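# Summary of structural features
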Amino acid sequence: MLKGYIDEIFVSVQGEGPMVGTPMLFVRFGGCQAACERCDTPRARTQMSQFVIHGPSPETLLNPVKVADLTARIAPKLRTLPFLAVTGGEPLEQPGFLSLLLTRLSETGRRILLETRGFHHRELAEVLPRVDVISADIKLPSFTGRPVPMEETRAFLEIAKQKTCYVKVVAGPDTGEAEVINVARLVADVGSHIPFIIQPRRDEKPPPPGEAERLLLLAVQLTKLLPDVRLIPQVHSVLGLR
Ligand code: SF4
C-alpha cells in the first residue's frame, strides 16, 4: 500500500491569488527540496514522523500514512466544502502518493486545487487528469537566492495551461522589477490568458513607504505583456486564520 508524508490538514479560506476567500480543506504535504532562502513554510520542508488534523478535536497520525487511512479522514470533511487544496511543502515530490490520493477522493466530486512551485513538469503530467486548478507559485531569485529555472518552468506551464491555472510571484522590497518582468515574459510566451498575480511579501518589518505604490506601478507595467495582472495580498493572516 502506497504511503506518503503529510505536514498538516486544516480547514481555512484560500488566502492567496484569484480564489481568495473560498473555503477549502487544505492538505499540506511534508517535504520540499527547493531550499528557498525565504521559505515561508519551513516546517513543511522536512518529512516529519507525525502530522496533525486540526479541528475541534485535533487528531495526530503517524507518517508515512497510507492513502486509505488518509482518504477515510479527508472524505467526510469534504462533504461540506467545495474545494480540496493540496499544498506543501511540495506535493509533486510525492507524485505516486498524490495521484492515488486524488483518484480515491474523486468520488467526493469536490474540485481540486494544486499549489506547487511550478517546477516538476513530469510529475504534473502524471496527476493532471485529477486536478482542476493549478497555482504555479514561481519563486523569484530574491526569494530563493538563485535564478528561476526557466526551462523547467516553461515545460511546467505548457502542461498546466491545459487546465485552469494561474501564476503567483511573491515580491518584497528587495525584489527587482527585472526578475518579475522576466517571469511575466515567459508566462506571456506560454499563454497570455494565464492570470499573473503579484503578492506582496509578508515580512516581520512593515514595508518601506511607497512599496505598495511600487508594486502597483509594476503591475500596471506588466499589463503590456499580460491582460490579467493583479496585485493581491495574503488575506487568511489578516483574518487570523491558519
Ligand atoms: S518551494 Fe515552498 S516549501 Fe519549498 S523551500 Fe520554497 S517556499 Fe519552502
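Note: the structure precedes this text.
Calculation criteria
Residues numbered from 1 in each chain as written. Predicted model: local features only at pLDDT ≥ 70, side-chain atom pairs only at ≥ 80, totals over all residues. Near = placed C-beta within 6 Å. Nonpolar A, V, L, I, M, F, W, Y, C, P; charged D, E, K, R; others polar. Pairing = 2+ DSSP bridges. Helix = DSSP H or I, 4+ residues; strand = E, 2+ residues; numbered from the N terminus. Axes fitted to C-alpha atoms, helices over the stretch in contact; angles between N-to-C directions. Contact = placed C-beta atoms within 7 Å. Buried ≥ 20, exposed ≤ 12 C-beta atoms within 10 Å, placed from the backbone.

## Points about the site of the ligand
Around the ligand, the structure places 14 residues, and the nearest of them are Cys-32, Ala-34, Cys-36, Cys-39 and Arg-117. Residue classes in the shell around the ligand are distributed as six nonpolar, three polar and five charged.

## Topic: the sheet that holds strand 10 (residues 164-171)
Across the sheet, 10 strands lie side by side as 5-4-2-3-7-8-9-10-11-12; this open sheet has mixed pairing. Of all strands in the sheet, those with a lone pairing partner are strand 5 (59-62) and strand 12 (229-231), marking the two edges. Neighbour to neighbour, the strand axes of the sheet diverge by 20° on average, direction disregarded. In this structure, strand 8 (residues 111-116) lies alongside strand 9 (residues 133-137), joined through four bridges in parallel fashion. Within strand 9, the position partnered with Leu-113 by the bridge is Val-133. Helix 6 (residues 177-190) rests against strand 10 and strand 11 (196-200) of the sheet, and its axis sits at about 170° to strand 10. In the packing of helix 7 (residues 211-222) onto the sheet, the strands contacted are strand 10, strand 11 and strand 12, and the crossing angle to strand 11 comes to about 170°.

## What about the environment of Gly-191?
Considering the arrangement of structural elements, one finds Gly-191 in the loop between helix 6 and strand 11. Take Gly-191: there are 15 C-beta atoms within 10 Å of it, and that puts it in the partly exposed class. Separated by 34 residues in sequence, Gly-191 and Leu-157 place their C-alpha atoms 8.3 Å apart. Contact partners of Gly-191, with chain neighbours within four places excluded, come to Leu-157 and Lys-161.

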